[in-house]
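Structure at a glance
The primary structure of each chain is shown beneath.
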Amino acid sequence: MSPELVSAEPLLAARGLTRRYRGSDVPALDGVDLVVGAGRRVAVVGESGAGKSTLTRLLLALERPDAGEVTYRGRPVHPGRPRSLHWFRRAVQVVPQDPGRSLSPRMRVGEAVAEPLRCLRVAGDHRARVAELLLAVGLDPDAATRLPNEFSGGQRQRIALARALAPRPEVLIADEPVSALDAAVRLQVVDLLREVSDAEGVALLVVSHDLGVVAALCSDVVVLAGGRVAEAGPTDRVLTDPVSREAHALVAAVPRLVLA
Ligand SMILES: Nc1ncnc2c1ncn2[C@@H]1O[C@H](COP(=O)(O)OP(=O)(O)OP(=O)(O)O)[C@@H](O)[C@H]1O
């Protein structure tokens, strides 16, 4: 980890996270440590099967680790009844991979964006907050009265981002946030994620196999391989001068142009 990452106030942390699926000889995740500091943007990269999705599910308390612990501001986070996790869900929100699937086709945009506020019992004027959020992600507040299928893929990802930001989280977890989008729209959504994270001071944990996205968005990167951290450090150093064999292989697989 870079000195900056370590010095940022730790928010979401994993210590020794281990997960072994039934019937498998090797753990999907094996003793992973990770810290997301306040306002930082951290990427998790790795080839298919490296354990990225498993790590994400454990960090979101959707699954229980076999060993190790997830903490938020030092407080242990355990999977449990939804209400017992309200405090954590307010602090850590998810940007979905495919907003086309995550947004209910029959729910108006305003209702969808306000849903986390209602579910997490966040007090305040939800209608006003929705209008503010839609503006923050570059949409007209009139979008609130429309249905998701009236919007393009990129606009739907903006709606999903507004929804994730609704409870004023300190951390956003984005698992392949632009992989479902056309190449031309990808860059816009990456720029928006960076702008929003800066403007709102929200930390990002981005899981991606796209090193171009990682280079454009994240200051630090964690390379997972075979369920372990193979390498971690500042993105520009890891992508230009990787130390581990695994990071080297990932970088070598990407054409130079994409990282430029
Ligand atoms: N529910 C499950 N039951 C059994 N094995 C699983 C389960 N989920 C994941 N695995 C195994 O755990 C390992 C890590 O998988 P995981 O999906 O976390 O990797 P990943 O890096 O997210 O891969 P991808 O980039 O393909 O999504 C793989 O060997 C996978 O087959």
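Looking at an unreviewed UniProt entry, one finds the protein chain named ABC transporter ATP-binding protein, with Modestobacter marinus as its source organism. UniProt annotates the protein chain under Sequence similarities (unreviewed entry) with the comment "Belongs to the ABC transporter superfamily."

Counting its secondary structure elements, the protein chain contains 12 helices and 10 strands. Relative to a compact globule of 260 residues, whose C-alpha radius of gyration would be 18 Å, the protein chain shows 18 Å and is just as compact. Structurally, the protein chain occupies a C-alpha span of about 50 × 45 × 40 Å along its principal axes. In the protein chain, which comprises 260 residues, the proportion classed as buried is 46%.

Let us look at the packing of helix α5 (residues 109–119) against helix α7 (residues 153–165). It is at 7 Å that the axes of α5 and α7 come closest, and there the two elements cross at 35°. Crossing handedness for the pair α5 and α7: right-handed. On α7, the residues touching Val109, Ala112, Val113, Glu115 and Pro116 of α5 are Ile159, Ala162 and Arg163. Residue composition of the contact of α5 with α7, grouped by class: 6 nonpolar, no polar and 2 charged.

Listed as buried for helix α11 (residues 245–252) are Glu246, Ala247 and Leu250. Taken end-on, α11 shows its buried residues confined to a sector of 95°, consistent with a single buried face. Facing away from the buried surface of α11 by more than 90 degrees, the exposed residues are Arg245 and Ala252. In this fold, the buried residues of α11 make contact with β3 (41–45), α9 (211–217), β9 (220–225), β10 (228–234) and α10 (235–240).

Strand order in the open sheet made by the 6 strands is β6-β7-β8-β3-β9-β10, with mixed pairing throughout. The sheet terminates laterally at β6 (92–95) and β10, the two strands that pair on one side only. The sheet shows a mean angle of 20° between the axes of neighbouring strands, direction not considered. The sheet contact formed by β3 and β9 spans 4 bridges and is parallel. Following the sheet pairing, Ala43 is matched in β9 by Val221.

Where a strand is regular, its side chains alternate between the two sheet faces. Here 6 bridges tie strand β1 (residues 10–19) to strand β2 (residues 29–37), and the two strands are oriented antiparallel to one another. Looking across to β2, one finds that Pro10 is bridged to Gly37. Note that β1 and strand β4 (residues 67–72) share 5 bridges and pair antiparallel. Along β4, the bridge assignment pairs Leu12 with Tyr72.

An ideal rise of 1.5 Å per residue puts 26 Å on 18 residues; helix α8 (residues 183–200) measures up with 26 Å between its terminal C-alpha atoms. For α8, the secondary structure elements touched by its buried residues are β3, α6 (126–136), α7, β7 (171–175), β8 (203–207) and α9. Gly201 sits one or two residues past α8 and shows a positive phi near 65°.

A separate point is the sheet that holds β4. Strand order in this open sheet of 4 strands is β2-β1-β4-β5, and the pairing throughout is antiparallel. Of all strands in the sheet, those bounded by a partner on one side alone are β2 and β5 (75–76). As judged from the 2 bridges shared by β4 and β5, these two strands associate in the antiparallel manner. The residue bridging Tyr72 from the neighbouring strand is Arg75, located in β5. Strand contacts of helix α2 (residues 52–59): β1, β2 and β4, with the helix running at about 120° to β1, the strand carrying the most contacts.

With that settled, the discussion passes to the site of the ligand. Every residue close to the ligand is listed here: Tyr21, Ser24, Ala28, Gly46, Ser48, Gly49, Ala50, Gly51, Lys52, Ser53 and Thr54. Among the residues forming the shell around the ligand, the class breakdown is 3 nonpolar, 7 polar and 1 charged.

This brings us to the nonpolar core. Ranked by internal contacts, the top residues of the largest apolar core, which has 81 residues, are Val113, Val171, Val214 and Val223. Among the elements that line this core, the one with the most residues is α7, at 6 residues. With residues near it in sequence (within four places) discarded, Val171 still touches Leu11, Leu12, Val36, Ala91, Val92, Val202, Ala203 and Leu205.

Cut-offs used in this document
Residues numbered from 1 in each chain as written. Predicted model: local features only at pLDDT ≥ 70, side-chain atom pairs only at ≥ 80, totals over all residues. UniProt positions renumbered as here; feature names shortened; annotations may be inferred. Helix = DSSP H or I, 4+ residues; strand = E, 2+ residues; numbered from the N terminus. Rg over C-alpha atoms; globule rule 2.2 N^0.38 Å. Buried ≥ 20, exposed ≤ 12 C-beta atoms within 10 Å, placed from the backbone. Axes fitted to C-alpha atoms, helices over the stretch in contact; angles between N-to-C directions. Left-handed = near helix turned anticlockwise from the far one by under 90°. Contact = placed C-beta atoms within 7 Å. Nonpolar A, V, L, I, M, F, W, Y, C, P; charged D, E, K, R; others polar. Arc of directions from axis to C-beta. Pairing = 2+ DSSP bridges. Expected span 1.5 Å × (residues − 1). Near = placed C-beta within 6 Å. Core = buried A, V, L, I, M, F, W, Y, C linked by C-beta atoms within 7 Å.

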